[in-house]
Amino acid sequence: MHSKDKIAAQNRRRSPRPDLTPRHAAWGLLLGLVVGLLLSLARMLGFFGTWQLRSADFLHGDVLPGNEIVIVAIDDASAEQLGAWPWPHSTHARLIEALSEARVVAIDILFEEREGEGPVLAGATRQAGNIVYPIIAILSERTGAGLIQAQALLYPPPALQSHAAGLGAVNVLPDYDGVVRHVPLIIQKDKKDLRGTN
């Protein structure tokens, strides 16, 4: 075998690429369409969103609040000990008195004015001097993070507002998997900015 024939045979072995036929092109197009359809379907079903949220959770890890933060929750045990919900304002006043040594007490319960009960809670709020009451913003159905426009704002009664150390928005925006990963920094209503209690 001549050396030219050897080189030609080696080149044929190295690149055995057949010519692209119309049949191969059709299969390639069909495969591309199927893959594109599957990716579009996965995106519509939220697969990539879930993956993005889970990878963010993995990267950031679980961040626990420091020792300086204590959450006083209303649960079934509280209801058994203090009675059925809603509790009278006098019960909340006693709880505020018990927490008067804290630097700040942020309450996320929107109290209503009740006949004869307002002065008790307002007095405990004034005496403690560390109570921040909530403002709840009525938001549109689809709301993202950042500056958020509110449709309406719900305030605590004026007596509580006047004796509070502050007021702040308590809205949270859970992601579609139910986990709260962010809160609105500023809520705006009629060109007035309302900061969160975060």
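Residues numbered from 1 in each chain as written. Predicted model: local features only at pLDDT ≥ 70, side-chain atom pairs only at ≥ 80, totals over all residues. Heavy atoms only, no water.

1. Some thoughts on the overall build of the chain
Piece 1. Assigned secondary structure in the chain consists of seven helices and six strands.
Piece 2. The order of α-helices and β-strands along the chain, N terminus first, is α-α-α-α-α-β-α-β-β-α-β-β-β.
Piece 3. Burial status across the chain gives 24% buried among its 198 residues.
Piece 4. Counting contacts in the chain only where the partners sit at least 6 residues apart, residues at least 24 apart contribute 66% of the total.
Piece 5. Carbon and sulfur atoms make up 58% of the accessible area of the chain, which amounts to about 15100 Å² in all. (Helix = DSSP H or I, 4+ residues; strand = E, 2+ residues; numbered from the N terminus. Buried < 20%, exposed > 50% of the residue type's maximum accessible area, 1.4 Å probe, protein only. Contact = heavy atoms within 4.5 Å. Areas by Shrake-Rupley, 256 points an atom, 1.4 Å probe, with all protein chains shown as cover.)

2. A closer look at the environment of I109
Piece 1. With respect to the element layout, I109 can be found in the loop between β1 (105-106) and α6 (118-128).
Piece 2. The exposure class assigned to I109 is buried, which follows from its relative accessible area of 18%.
Piece 3. A C-alpha to C-alpha distance of 6.8 Å links I109 and P134, two positions 25 residues apart in sequence.
Piece 4. Excluding anything up to four places from it in sequence, I109 contacts I74, W85, H92 and P134.

3. Quick word on the nonpolar core
In globular proteins that are soluble, nonpolar side chains generally tend to be buried together.
Piece 1. In terms of nonpolar packing, the biggest core is built from 14 residues, with I96, I107, F111, L121, I131, Y133 and L160 touching the most fellow members.
Piece 2. Of all the elements in the fold, those that place two or more residues in this core are α5 (89-98), α6 and β2 (131-139).
Piece 3. Among the elements that line this core, the one with the most residues is α6, at four residues.
Piece 4. Sequence-distant contacts of L121, defined by excluding residues within four places in its chain, comprise H89, H92, A93, I96, F111, Y133 and L160. (Core = buried A, V, L, I, M, F, W, Y, C linked by side-chain atoms within 4.5 Å.)

4. Remarks on the environment of L160
Piece 1. With respect to the helices, strands and loops of the structure, L160 is situated in helix α7 (residues 158-163).
Piece 2. Taking the relative accessible area as the measure of exposure, L160 reaches 3% and is therefore buried.
Piece 3. Leaving out residues up to four positions away in the same chain, L160 has contacts with F111, L121, A122, T125 and Y133.

5. Notes on the side chain of N171
Piece 1. Mapping N171 onto the fold places it in the loop between β4 (166-169) and β5 (186-189).
Piece 2. Note on N171: relative accessible area 15%, which makes it buried.
Piece 3. One polar contact links the side chain of N171 to the main-chain carbonyl oxygen of A137, over a distance of 2.8 Å. (Polar contact = N/O pair within 3.5 Å; in protein donor to acceptor, adjacent residues only side chain to side chain.)

6. Quick notes on the pattern of salt bridges
Piece 1. Counted under the stated rule, the structure contains one salt bridge.
Piece 2. Residues D190 and K189 are paired through a salt bridge, measuring 3.5 Å at the closest nitrogen-oxygen approach.
Piece 3. By relative accessible area, which is 22% here, K189 ends up partly exposed. (Salt bridge = Lys/Arg side-chain N within 4 Å of Asp/Glu carboxyl O.)

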